Amino acid sequence: MTTQPSTLDAWCAELSQALGLTQEVALRPDVQLLLNLSRDAAHSVARPAAPLTTYLVGLCAGLAGGTPEAVQAASTIARDLALGTRPGTATDGA
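Residues numbered from 1 in each chain as written. Predicted model: local features only at pLDDT ≥ 70, side-chain atom pairs only at ≥ 80, totals over all residues. Heavy atoms only, no water.

Under an unreviewed UniProt entry, the chain has the name Molybdopterin-guanine dinucleotide biosynthesis protein MobA and belongs to Sanguibacter inulinus.

Participant: Mind showing me how you'd approach the overall build of the chain here?
Facilitator: In terms of regular secondary structure, the chain is built from five helices and zero strands. When its helices and strands are written in sequence order, the chain yields α-α-α-α-α. Expressed as a percentage of the 94 residues in the chain, the buried residues total 22%. Taking as baseline every contact in the chain between residues at least 6 positions apart, the subset at least 24 positions apart corresponds to 46%. (Helix = DSSP H or I, 4+ residues; strand = E, 2+ residues; numbered from the N terminus. Buried < 20%, exposed > 50% of the residue type's maximum accessible area, 1.4 Å probe, protein only. Contact = heavy atoms within 4.5 Å.)

Participant: So what exactly am I meant to see when it comes to the packing of helix 4 (residues 49–63) against helix 5 (residues 68–83) here?
Facilitator: Describing two packed helices takes the angle between their axes plus the distance from one axis to the other. Contact geometry for helix 4 and helix 5: axes closest at 8 Å, N-to-C directions at 140 degrees. Of the possible angle classes, the one that applies to helix 4 and helix 5 is oblique. The chirality of how helix 4 crosses helix 5 is right-handed. Taken together, the residues of helix 5 that come into contact with helix 4 (itself represented by Thr53, Val57, Cys60 and Ala61) are Ala70, Val71, Ala74, Ser75 and Ala78. Per-class residue counts for the contact of helix 4 with helix 5 are seven nonpolar, two polar and no charged. (Axes fitted to C-alpha atoms, helices over the stretch in contact; angles between N-to-C directions. Parallel < 35°, antiparallel > 145°, perpendicular 65-115°, else oblique. Left-handed = near helix turned anticlockwise from the far one by under 90°. Nonpolar A, V, L, I, M, F, W, Y, C, P; charged D, E, K, R; others polar.)

Participant: Teacher, can you tell me more about a nonpolar patch on the surface here?
Facilitator: Taken together, Trp11, Leu15, Leu19 and Leu21 make up a surface patch of nonpolar side chains, about 400 Å² in accessible area. As for its position among the elements, Leu15 is in helix 1 (residues 5–18). Leu15 sits in the partly exposed class, given a relative accessible area of 33%. (Patch = residues over 30% accessible without salt bridge, like charges linked within 9 Å, V, L, I, M, F, W, Y side chains within 5 Å. Areas by Shrake-Rupley, 256 points an atom, 1.4 Å probe, with all protein chains shown as cover. Salt bridge = Lys/Arg side-chain N within 4 Å of Asp/Glu carboxyl O.)

Participant: Help me out: how do you make sense of the packing of helix 3 (residues 31–44) against helix 5 in this one?
Facilitator: Two numbers describe how helix 3 lies on helix 5: the axes approach to 9 Å, and their chain directions differ by 20 degrees. Considering the angle they form, helix 3 stands roughly parallel to helix 5. Crossing angle aside, the handedness with which helix 3 passes helix 5 is left-handed. Along its contact with helix 3, which presents Leu33, Leu34, Leu37, Asp40, Ala41 and Ser44, the element helix 5 presents Val71, Gln72, Ser75, Ala78, Arg79, Ala82 and Leu83. Here the residues of the contact of helix 3 with helix 5 are counted per class, giving eight nonpolar, three polar and two charged.

Written out as structure tokens, the structure is:
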């Protein structure tokens with residue numbers, strides 16, 4: 001079963017309003033980026049890592065100003081760590 005974009009859009013709008021966030025702020029990050037990050041964490045770490053990873057990425061990005069670039073940077077760190085591709089890990093040939 002695939003979640004339709006309109007369902008995600010409606011959920012994000014409803015949740016943003018309930019949390020007191022403007023849609024402009026809440027929908028700045030690339031949704032697909034976060035969904036892919038959740039998938040990578042769930043498959044590479046453990047299923048419960050998916051929501052925890054996205055929460056920590058959001059927290060980090062928020063503390064860094066909440067810009068799309070902050071979301072991207074935090075997501076990249078989390079993805080690389082989950083996939084074991086950060087420099088200095090065993091999978092980079094070191």
